[in-house]
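# Geometric and topological summary
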Amino acid sequence: MAIRRLFLFISMLAMACCCAIASDPSLLQDFCVADKTSQVHVNGFACKDAKDVVAEHFFFSGLHMAGNTSNKQGSAVTAANVAQIPGLNTMGISMVRIDYAPKGQNPPHTHPRATEILAVLEGSLFVGFVTSNPSNTLISKVLNKGDIFVFPKGLVHFQYNYGMDNAVALAALSSQNPGVITIANTVFGSDPSISDDILAKAFQVNQYTVNWIQAQF
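Residues numbered from 1 in each chain as written. Predicted model: local features only at pLDDT ≥ 70, side-chain atom pairs only at ≥ 80, totals over all residues. Heavy atoms only, no water.

### With respect to the overall build of the protein chain
Selection criterion: Starting at the N terminus, helices and strands are each numbered in turn, a helix being any DSSP run of H or I of at least four residues and a strand any DSSP run of E of at least two. Each residue gets one of three labels from its accessible area relative to the maximum for its type: buried under 20%, exposed over 50%, partly exposed in between, using a 1.4 Å probe on protein chains only. By definition in these notes, contact holds between two residues if any of their heavy atoms fall within 4.5 Å.
On a plain count of helices and strands, the protein chain comes out with four helices and ten strands. When the helices and strands of the protein chain are listed from N to C terminus, the series reads α-β-β-β-β-β-β-β-β-β-β-α-α-α. In the protein chain, which comprises 217 residues, the proportion classed as buried is 33%. Across the protein chain, every contact between residues at least 6 apart in sequence was considered, and the portion connecting residues at least 24 apart equals 68%.

Okay, structure coming up:
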């Protein structure tokens, strides 16, 4: 009986440890304001001395301002993560504002370190994500003002403003630095370029088509 209880305890401890390392590091003090001048390299940022911490380290102003959507995608992302708010270091959370011109989109991308929850503030969006191999199922929904949608961590997702008016969304992410991998930019815009032989075979097109797409990036 004692051995069985010990095994159960060890199993539960192992599961707890797995959960603990699956997201940003947990706080071991009230805060750990990022010291971006430190030469110490850790998973995140070294902490400022607490006596040097001020309110501005936890503050950012800018999400009330519309982003410039005059680009090929017709969208703009205004981030509020640890790069803008040093006080977010080790907090495991960040936010973004996303502006969409009519017919604009936030193209297919992933966040390797975060789940995202998105709320529509203005306009309407068609959103979705694709499940992993082998099913590759598209889970999609039309969102209107006040609606919320969740994009699971690491899965490819997108938002598209199909309307004739501007749209605005606010999203929270479960990491101080969620990262973003835009699929088209990564595959066709890498430096140096991925061999056109590889991409032609992967996408089942000819090399001319691959070269033409790469030229767009």
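### A look at the packing of helix α3 (residues 196–203) against helix α4 (residues 207–215)
Quick reminder of the rule: In this analysis an axis means a line fitted to C-alpha atoms, helices contributing only their contacting stretch, and an angle means the value between N-to-C directions, from 0 to 180 degrees. Here roughly perpendicular refers to angles of 65 to 115 degrees, roughly parallel to angles under 35, roughly antiparallel to angles over 145, and oblique to all remaining angles.
Between α3 and α4, the shortest axis-to-axis distance is 9 Å and the interhelical angle comes to 110 degrees. Taken together, the axis directions place α3 and α4 in an arrangement best described as roughly perpendicular. Of the residues in α4, those touching α3 at D196, D197, L199 and A200 are Q207, V210, N211 and Q214.

### Digging into the UniProt feature "binding site: oxalate" (unreviewed entry) in the protein chain
Quick note on the threshold: UniProt positions are given in the numbering used here, feature names are shortened, and annotations may be inferred rather than shown by experiment. With a 1 Å grid laid over protein atoms only, a set of points is called a cavity when a 1.4 Å probe fits there but cannot get out and a pocket when it is open yet has protein on both sides within 12 Å along at least five of seven lines; lining residues have an atom within 4 Å of a point.
UniProt annotation of "binding site: oxalate" (unreviewed entry) refers to N106, H111 and E116 when read in the numbering used here. Those annotated residues from the list above that line the largest pocket are N106, H111 and E116. Looking at the element boundaries, N106 is found in strand β3 (residues 105–110). According to the relative accessible area criterion, N106 is buried, its value standing at 10%. Structurally, H111 can be placed in the loop between β3 and β4 (116–122).

### Considering the state of the cysteines
Inclusion rule: The term disulfide is used for any two cysteine sulfur atoms that are within 2.5 Å.
Applying the stated criterion across every chain yields a total of one disulfide. In this model, C32 is linked to C47 through a disulfide, with the two sulfur atoms separated by 1.9 Å. Here the disulfide of C32 and C47 is left-handed, its torsion about the S-S bond being about -100 degrees. A residue pair is termed long-range when its members are at least 10 positions apart, and C32 in the loop between α1 (2–20) and β1 (75–80) and C47 in the loop between α1 and β1 qualify at 15 residues. You can call C32 buried: its relative accessible area is 3%.

### As for the pairing of strand β2 (residues 94–100)
To keep things clear, this is the line we draw: Should DSSP find at least two bridges between two strands, the strands are taken to pair.
For β2, a buried count of six out of seven residues is recorded, marking the element as mostly surrounded by other parts of the structure. Pairing analysis gives six bridges linking β1 to β2, with the strands arranged antiparallel. Paired with S75 across the two strands is Y100, which belongs to β2. Pairing of β2 with strand β9 (residues 167–173) involves seven bridges; the strand directions are antiparallel. Along β9, the bridge assignment pairs R97 with L170.

### Comments concerning the nonpolar core
The following threshold applies: What we call a nonpolar core is a set of buried Ala, Val, Leu, Ile, Met, Phe, Trp, Tyr and Cys residues that are connected through their side-chain atoms within 4.5 Å.
Ranked by internal contacts, the top residues of the largest apolar core, which has 17 residues, are Y100, L118, L125, V127, L143, F149 and F151. Among the secondary structure elements, those contributing two or more residues to this core are β2, β4, β5 (125–130), β7 (148–151) and β9. It is β9 that provides the largest number of residues to this core, a total of four residues. Apart from the residues lying within four places of it in its own chain, the contact partners of L143 are L118, V120, G123, S124, L125, V127, I148 and F149.

### Quick look at the pattern of salt bridges
Defined as follows: Any Lys or Arg side-chain nitrogen located within 4 Å of an Asp or Glu carboxyl oxygen qualifies as a salt bridge.
For the coordinates displayed, the defined rule picks out three salt bridges. Residue R97 pairs with D99 through a salt bridge whose shortest N-O separation is 2.8 Å. The exposure class assigned to R97 is buried, which follows from its relative accessible area of 10%. A salt bridge links E122 to K145; the nearest nitrogen and oxygen atoms lie 3.6 Å apart. One end of the pair, E122, is in strand β4; the other, K145, is in the loop between β6 (138–143) and β7, with 23 residues separating them in the sequence. Overall, E122 belongs to the partly exposed group, its relative accessible area being 39%.

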